[in-house]
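Coordinates in review
For reference, the chains in residue letters:
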Amino acid sequence: MMAGYKHQVERRRFMRLPLTIDIFYKALEDVIDTSGLKASKACNLSPGGLLFYSAFRLKMGTIIQMMLQIRHRRRLHRIPALARVAYCQRLSKNRFEIGSGFVDIFPKDLEFLKSLSAKAGGLNSG
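Now for a look at the structure at hand. (Residues numbered from 1 in each chain as written. Predicted model: local features only at pLDDT ≥ 70, side-chain atom pairs only at ≥ 80, totals over all residues. Heavy atoms only, no water.)

Details of the overall build of the protein chain
The helix and strand tally for the protein chain stands at one helix and seven strands. Relative to its 126 residues, the protein chain shows a buried fraction of 39%. For the protein chain, long-range pairs separated by at least 24 residues make up 59% of all intrachain contacts whose partners lie at least 6 apart in sequence. Just so you have it, the protein chain exposes about 8,100 Å², and 53% of that area is on carbon and sulfur atoms. (Helix = DSSP H or I, 4+ residues; strand = E, 2+ residues; numbered from the N terminus. Buried < 20%, exposed > 50% of the residue type's maximum accessible area, 1.4 Å probe, protein only. Contact = heavy atoms within 4.5 Å. Areas by Shrake-Rupley, 256 points an atom, 1.4 Å probe, with all protein chains shown as cover.)

Laid out in structure tokens, this is it:
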């Protein structure tokens, strides 16, 4: 254990799936508009949110529009969602790690993510 750190308890409600999926995102302005979404990769996903990489810094609390693309059982699932930036950490000059939590997602898509989380397998991007 590192000096100065006490044992940390996992506070996430859902297990994170260590997978890479394609996502498209942008900051929410006035209305939801899926044009101009930036391409990126998520490196883990749960029914509560996802971790992804960005070439741009995003402020904590920013609401972002997303389109997740998950290939499962030979079918490409496109999942629109709104998420709030929980943290943004600079990894290098033009690379940031963004932690986000879903604030709005269709119930059927949330159930799909929960089912993937429960099975924890058979996923890849596409």
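Brief notes about helix α1 (residues 107–119)
Taking 1.5 Å of rise per residue, the 13 residues of α1 would be expected to cover 18 Å, and the 18 Å separating its terminal C-alpha atoms lies within 8% of that figure. When α1 is considered as a whole, its buried residues turn out to be Asp109, Phe112, Leu113, Leu116 and Ser117. Down the axis of α1, the buried side of the element spans an arc of 135 degrees, and every buried residue falls inside it. Exposed positions of α1 whose direction lies more than 90 degrees from the buried face are Pro107, Lys108 and Ala118. (Expected span 1.5 Å × (residues − 1). Arc of directions from axis to C-beta.)

Considering the packing of aromatic side chains
For the structure on display, the rule yields one aromatic pair. Between Tyr25 and Phe52, the aromatic rings sit 4.9 Å apart at their centres with planes inclined by 55 degrees, giving tilted as the arrangement. Note that Tyr25 is positioned in strand β1 (residues 21–27) and Phe52 in strand β3 (residues 49–54), a separation of 27 residues in sequence. The exposure class assigned to Tyr25 is buried, which follows from its relative accessible area of 3%. Of the residues examined, Phe52 reaches a relative accessible area of 0% and is grouped as buried. Over the ring of Phe56 we find Lys38, and its NZ or CZ is 5.4 Å from the ring centre. (Phe/Tyr/Trp six-rings, centres within 6.5 Å; stacked < 30°, edge-to-face > 60°. Lys NZ or Arg CZ within 6 Å of the ring centre and 35° of its normal.)

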